[in-house]
Amino acid sequence: MPVITAPLEFNEEQLYVDLESMFGYPLFLKCEGFNFAGSIKLKAAIEMVTSAEQSGLVTEDTILVESSSGNLGVALALIAASRGFQFLCVTDTRCNLSTRRLIEALGSRVHIISEPHPERGFLGARLDYVHSLCASDSRYVWLNQYANPSNWAAHYRTTAPAIARQFPNLDALFIGTGTTGTLMGCARYFRELDRPVRIVAVDSVGSVTFGGGPGRRMIPGIGTSVRPPMLDESFVDDVVMVEEVDTIRACHQMARNGFLFGGSTGTVVSGAMDWLAHHGTPGTNSVAIAPDLGERYLDTLYQTNWLQGLYGEDVLNVAEIAAAGVRPE
């Protein structure tokens, strides 16, 4: 049996869910939420903190600071608690209450940005705050997940090789885009292998990552209001944009089958099914990455009043139709 002494020592890497019976297209969902941080962000957090330690940026007086919509904040709070660091998470009002409480329970602090930047949205406002904080106090060290090469390197070293071992004949890999760390790490790995794997980036409508216009986005963890500096589109074969209502439908469809996932997973699955409907062929070997599980979204994605207040009274009816296996027009 596994016996660990630190929370970072456990991370289930090889768990997949076969979604074909739920959605009608062949897709294996790689579940990244089974670790003590509850998400794929633990990998990037470990890589970035370790790199900062090795370069001498972290001392006994250091206060790590990072802008996060939630999951990276939890991962960094977990590492801070395990290694004896101080950590401040800068987030905004879209961050789930349960996530904020979890960060604080682990002994870290949370600062909430309540007003978006007029042009660069909540992310721009969060980044401005981080910059001002670091300029005012040298104890603060910003890991900068948006441009830190250790972010994508974590997935180049772990996530992509794990998928390649399990699926030697992989045809298509679907990856949600936030900072694009997972996307860039996996895309670089498969490009260097010189394998014919189609890399499909899945993003949320309203995100500016791939040049679209900014729009309202209420589901955290995917999309951005500032183009990610580490994105290199030459590694991306296709991009699928998903409306948030379709994210909700996918999440509820999986929940009706006993699988509770977060919003970014619903977005990736919805985008993958759209792509497979138009480009898939019989026998297509495809994988999508599920960044986290759904417990942290019970007060939002899975709460009727929240959903209907933002997306209209019919949103759950449509989800129930999809859950019954009937594709709405």
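Please read these numbers as outputs of a predicted model, since none were measured by experiment.

What counts as what
- Residues numbered from 1 in each chain as written.
- Predicted model: local features only at pLDDT ≥ 70, side-chain atom pairs only at ≥ 80, totals over all residues.
- Heavy atoms only, no water.
- Pairing = 2+ DSSP bridges.
- Helix = DSSP H or I, 4+ residues; strand = E, 2+ residues; numbered from the N terminus.
- Axes fitted to C-alpha atoms, helices over the stretch in contact; angles between N-to-C directions.
- Buried < 20%, exposed > 50% of the residue type's maximum accessible area, 1.4 Å probe, protein only.
- Right-handed = clockwise from strand over helix to strand, strands pointing away.
- Salt bridge = Lys/Arg side-chain N within 4 Å of Asp/Glu carboxyl O.
- Patch = residues over 30% accessible without salt bridge, like charges linked within 9 Å, V, L, I, M, F, W, Y side chains within 5 Å.
- Areas by Shrake-Rupley, 256 points an atom, 1.4 Å probe, with all protein chains shown as cover.
- Contact = heavy atoms within 4.5 Å.

Visitor: Help me understand the sheet that holds strand β8 (residues 198–204) in this model?
Guide: Either a parallel or an antiparallel arrangement is found when strands of a sheet pair, and the pairing is made through backbone hydrogen bonds. Within the open sheet, the six strands sit side by side as β1-β2-β10-β7-β8-β9. Their pairing is mixed. Bordering the open sheet on either side are β1 (16–18) and β9 (238–242), each of which pairs with just one other strand. In this sheet, neighbouring strand axes are inclined to one another by 25° on average, regardless of whether the strands run parallel or antiparallel. Summarising the sheet, β1 and strand β2 (residues 28–31) pair through three bridges and their orientation is antiparallel. Each residue of the ladder has a partner; that of Tyr16, found in β2, is Lys30.

Visitor: Hey, could you run me through the pairing of strand β4 (residues 86–92) in this one?
Guide: Two faces, one strand: in a regular strand the side chains alternate between the faces of the sheet. Burial analysis of β4 places six of its seven residues in the buried class, which makes it a mostly covered element. By the bridge criterion, five bridges tie strand β3 (residues 63–67) to β4 in an arrangement that is parallel. Each bridged residue has a counterpart across the sheet, and for Glu66 the counterpart in β4 is Cys89. Tracing the backbone out of β3, into helix α3 (residues 71–83) and back to the parallel element β4 gives a crossover that is right-handed. Bridge analysis of β4 against strand β5 (residues 109–113) gives five bridges, and the strand direction is parallel. Counterpart to Cys89 in the pairing with β5 is Val110. For the crossover that starts at β4, traverses helix α4 (residues 97–105) and ends in the parallel β5, the hand is right-handed.

Visitor: What am I meant to see in the pattern of salt bridges here?
Guide: When the charged atoms of two side chains lie near each other, side chains of opposite charge can form a pair. This model, assessed by the stated rule, comprises 13 salt bridges. In this structure, the salt-bridge partner of Glu47 is Arg157, at a minimum N-O distance of 2.7 Å. Here Glu47, found in helix α2 (residues 41–54), pairs with Arg157, found in helix α6 (residues 149–157); they are 110 residues apart in sequence, far enough to count as distant. Among the salt bridges present, the one from Arg83 reaches Glu53, with a minimum N-O distance of 2.7 Å. Placement of the pair is Arg83 in helix α3 and Glu53 in helix α2, with a sequence separation of 30 residues. Judged by relative accessible area, Arg83 falls into the partly exposed class, the value being 32%.

Visitor: What's the story with a nonpolar patch on the surface in this structure? I'm lost.
Guide: Among the surface-exposed residues, Ile4, Phe10, Leu15, Phe34 and Phe36 lie close enough to one another that they form a single nonpolar patch of about 420 Å² accessible area. In this structure, Ile4 sits in the segment before β1. With relative accessibility at 33%, the residue Ile4 sits in the partly exposed group.

Visitor: Please clarify how the sheet that holds β5 should be interpreted in this entry.
Guide: Here four strands make up an open sheet; going across it, the order is β5-β4-β3-β6 and the pairing parallel. Only two strands of the sheet have a single neighbouring strand rather than two, namely β5 and β6 (140–142). Neighbour to neighbour, the strand axes of the sheet diverge by 25° on average, direction disregarded. Contacts from α4 reach β4 and β5 within the one sheet, and its direction differs from that of β5 by about 150°.

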